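Summary of the model geometry
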Amino acid sequence: MPEAVIVSTARSPIGRAGKGSLKDMRPDDLTVQMVEAALAKVPALERTDITDLHLGVGQPAGESGNNLARIVSVLSGMDHLPGVTVNRYCSSSLQTTRMAFHAIKAGEGDAFISAGVETVSRFGAGMADIADAFNPVFDEALERSGQRSQGGADSWRDPRESGLLPDAYIAMGQTAENVQQLIGMSRQEQDEFGVRSQNLAEKAIADGFWAKDITPVTLPDGTVVSTDDGPRAGVTYEAVSQLKPVFRPDGTITAGNCCALNDGAAAIVIMSDTKAKELGLTPLARIVSTGVTGLSPEIMGLGPIEAVKQALGHARMGIDDIDLWEINEAFAVQALGSAQALGVDIDKLNVNGGAIAVGHPFGMTGARITSTLINSLQHHDKQFGVETMCVGGGQGMAMVLERLS
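This section reports on the structure supplied with the text. No experiment lies behind these values; they were computed from the predicted model shown.

Rules used throughout
Residues numbered from 1 in each chain as written. Predicted model: local features only at pLDDT ≥ 70, side-chain atom pairs only at ≥ 80, totals over all residues. Heavy atoms only, no water. Phe/Tyr/Trp six-rings, centres within 6.5 Å; stacked < 30°, edge-to-face > 60°. Helix = DSSP H or I, 4+ residues; strand = E, 2+ residues; numbered from the N terminus. Buried < 20%, exposed > 50% of the residue type's maximum accessible area, 1.4 Å probe, protein only. Pairing = 2+ DSSP bridges. Contact = heavy atoms within 4.5 Å. Salt bridge = Lys/Arg side-chain N within 4 Å of Asp/Glu carboxyl O. Core = buried A, V, L, I, M, F, W, Y, C linked by side-chain atoms within 4.5 Å. 1 Å grid on protein atoms, 1.4 Å probe; cavity = no way out; pocket = protein on both sides within 12 Å on 5 of 7 lines; lining within 4 Å. Points joined across faces, edges and corners; volume = space filled by probe spheres on them. Nonpolar A, V, L, I, M, F, W, Y, C, P; charged D, E, K, R; others polar. Expected span 1.5 Å × (residues − 1). Axes fitted to C-alpha atoms, helices over the stretch in contact; angles between N-to-C directions. Parallel < 35°, antiparallel > 145°, perpendicular 65-115°, else oblique. Left-handed = near helix turned anticlockwise from the far one by under 90°.

Attention now goes to the packing of aromatic side chains. Under the criterion given, the structure shown has 4 aromatic pairs. Centroid distance Phe247 to Phe331: 6.4 Å. Interplanar angle 75 degrees. Geometry classified as edge-to-face. Note that Phe247 is positioned in the loop between α8 (237-240) and β8 (262-272) and Phe331 in the loop between β10 (324-327) and α11 (332-342), a separation of 84 residues in sequence. Among the residues examined, Phe247 registers a relative accessible area of 27% and is labelled partly exposed. Phe331 gets classed as buried once you look at its relative accessible area, which sits at 6%.

Pasting the structure below:
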């Protein structure tokens, strides 16, 4: 059975939505640049040998609609290349990698592009009011969420215990507050983790790590962007602890301990090990296993816990076998809470900073973390890594990678 190996990655800088460096970039144009950059790193690969382009998009509507993957294929001059757009929210482009992994294992292709994009800045361009699409069966659940947003709820309890539906459309910030109520993590712990993310990102920038990870983007006016908007120098706990809660008046989630809204794209070229050998390529990493699980949408932040267990089970590995961890920092409470529940050594976790500092463009994040994890394994001379994230709607996803070069 062939192995699925990653032979190249490319990820854009991450811009702040609405006012950041990538606000004028269409999602298709941004994705094309990353696909071209990833392919340029493997010139031996004939484009006609690529089986499919899988593109993850967290909100596939407006400029990100109309099967964006196929649009990217055509814009890239690859009319022969089919494309499929996939939505698994925050893990959309981890799902596209999983699809390539499975296809290679099944012998149904030797080369795939897995990509992801989200341009939150462009959400207003042609998108209908998303709330209009909500299934009315969830009206009662939505009303409960509204009460919670006013600080009217006690500690979180599974609504199904009372015969009620959970809120499938609950705002992500509300899920973080629910997780906080469920596990009891203090505001101080969350703030300290947010500061850690910023401080580690600052150090990684000084060490040259993020410059290696980022592929510059050329804007429509010819300006070149080569750095993330999010990381801030000199962030302190004293400053972050003064920020006010964002989602509930009596809550603990602030702008200092959660990710921002962002724009960005990333692409990965995945091959069978036999194809890579045929082309004389040295793979970067091997995809060992993946996992995906579900839980109540109202505490979706704890999704990584069971997803990681599943992926490690498929790999016949344990927590201590993993050298580096990338748990997406949608919120400090969920990333740190998941790590603590799994027994992850924090010194192995998000060692170059995470999404609180760098950013979280939903559809891009899976592919971005793959790129970051591979670069991190190289930078720190480690072998095995796990990337994982919580997923809107109540899911978790994880992947185990082995560094090969």
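We now examine the pairing of β10. Taking every second residue as pointing to the same face, both faces of β10 are buried, with Leu324 and Glu326 on one and Trp325 and Ile327 on the other. In this sheet, strand β11 (residues 384-391) lies alongside β10 in parallel orientation, the contact comprising 4 bridges. The partner of Ile327 across the bridge, within β11, is Thr388.

Attention now moves to the environment of Ala315. For Ala315, the position within the fold is in helix α10 (residues 303-315). Not counting the four nearest positions on each side in its chain, Ala315 is found in contact with Val288 and Ser289.

So, about the pattern of salt bridges. What the rule picks out here adds up to 17 salt bridges. Arg47 is the partner of Glu36 in a salt bridge, and the nearest nitrogen-oxygen pair spans 2.6 Å. Residue Glu36 is located in helix α1 (residues 27-40), and its partner Arg47 is located in the loop between α1 and β3 (52-57); the two are separated by 11 residues in the primary sequence. The partly exposed category is assigned to Arg47, whose relative accessible area is 29%. Residue Lys275 is joined to Asp49 by a salt bridge in which the shortest nitrogen-to-oxygen separation is 3.2 Å. Of this pair, Lys275 sits in helix α9 (residues 273-278) while Asp49 sits in the loop between α1 and β3; the two residues are 226 residues apart in sequence, bridging distant segments of the chain. Residue classification places Lys275 among the buried residues on the basis of a relative accessible area of 10%. It is possible to trace a salt-bridge network through shared partners that takes in Glu3, Lys105, Arg286 and Glu402.

What follows concerns the nonpolar core. Leu312, Ile322, Trp325, Phe331 and Val400 are the most contacted members of the largest nonpolar core, which has 37 residues in total. Of all the secondary structure elements, the ones that give two or more residues to this core are α5 (172-183), α10, β10, α11, β11 and β12 (395-403). Apart from the residues within four sequence positions on either side, Val400 is in contact with Arg286, Ile287, Val288, Ser289, Ala311, Leu312, Met317, Ile322, Gly385 and Val386. Listed in part, the 36 residues of the second largest apolar core include Ile6, Ala103, Phe112 and Ile214.

Quick look at the layout of surface pockets now. Of the volumes computed, that of the largest pocket is approximately 1,200 Å³. Sorting the residues of the lining of the largest pocket by element identifies α5 and α6 (187-206) as the ones contributing at least two each. Taken together, the residues of the lining of the largest pocket sort by class into 27 nonpolar, 10 polar and 3 charged. Considering only enclosed or pocket space, the second largest pocket measures out at about 180 Å³ in volume. Along the wall of the second largest pocket there are 15 residues; nearest its centre are Thr9, Lys41, Lys212, Leu284 and Asn375. Broken down by secondary-structure element, the contributors of at least two residues to the lining of the second largest pocket are β1 (4-11), α7 (209-213) and α13 (362-379). Ranked by residues supplied to the lining of the second largest pocket, first place goes to β1 with 5 residues. When the residues that make up the lining of the second largest pocket are grouped by side-chain class, the tally is 5 nonpolar, 6 polar and 4 charged.

Counted at 1.5 Å a residue, the expected span for α1 with its 14 residues is 20 Å, and the 20 Å between its end C-alpha atoms agrees. For α1, the complete set of buried residues consists of Pro27, Asp28, Leu30, Thr31, Val32, Met34, Val35, Ala37, Ala38 and Leu39. Where α1 is buried, its residues touch β1, β3, α2 (68-75), β5 (111-119), β6 (217-218) and β8.

Right, let's talk about empty space enclosed by the protein for a bit. What the rule picks out here adds up to 2 cavities of 30 Å³ or more. The calculated volume of the largest cavity comes to roughly 40 Å³. Together, 10 residues line the largest cavity, and Ala61, Glu63, Ser64, Arg122 and Phe123 are the ones closest to its centre. Taken together, the residues that form the lining of the largest cavity break down as 4 nonpolar, 4 polar and 2 charged. Of the volumes computed, that of the second largest cavity is approximately 40 Å³. Along the walls of the second largest cavity sit Arg16, Gly230, Ala260, Asn262, Ala355, Ile356, Ala357, Val358 and Gly359, which together make up its complete lining. Sorting elements by how many residues they give to the lining of the second largest cavity places helix α12 (residues 355-358) first, with 4 residues.

Now for the pairing of β11. One face of the sheet, then the other: side chains in a regular strand alternate in exactly this way. The buried count for β11 comes to 8 of 8 residues, which makes it a mostly enclosed element. Taking every second residue as pointing to the same face, both faces of β11 are buried, with Phe384, Val386, Thr388 and Cys390 on one and Gly385, Glu387, Met389 and Val391 on the other. Two strands pair when backbone bridges link them, and β11 and β12 are joined in this way by 8 bridges, in the antiparallel orientation. Along β12, the bridge assignment pairs Thr388 with Ala398. Between β11 and β12, which pair antiparallel in sequence order, lie 3 residues; one of them, Gly393, sits at a positive phi of approximately 90 degrees.

Where α10 contacts α11, the two axes come as close as 8 Å, and the packing angle between them is 45 degrees. Taken together, the axis directions place α10 and α11 in an arrangement best described as oblique. Like other packed secondary-structure pairs, α10 and α11 cross with a definite hand, here right-handed. Contact residues: Pro304, Ile305, Val308 and Lys309 in α10; Gln334, Ser338, Ala341 and Leu342 in α11. Looking at the contact of α10 with α11, its residues break down into 5 nonpolar, 2 polar and 1 charged.

Worth remembering: the numbers are spatial, not functional.
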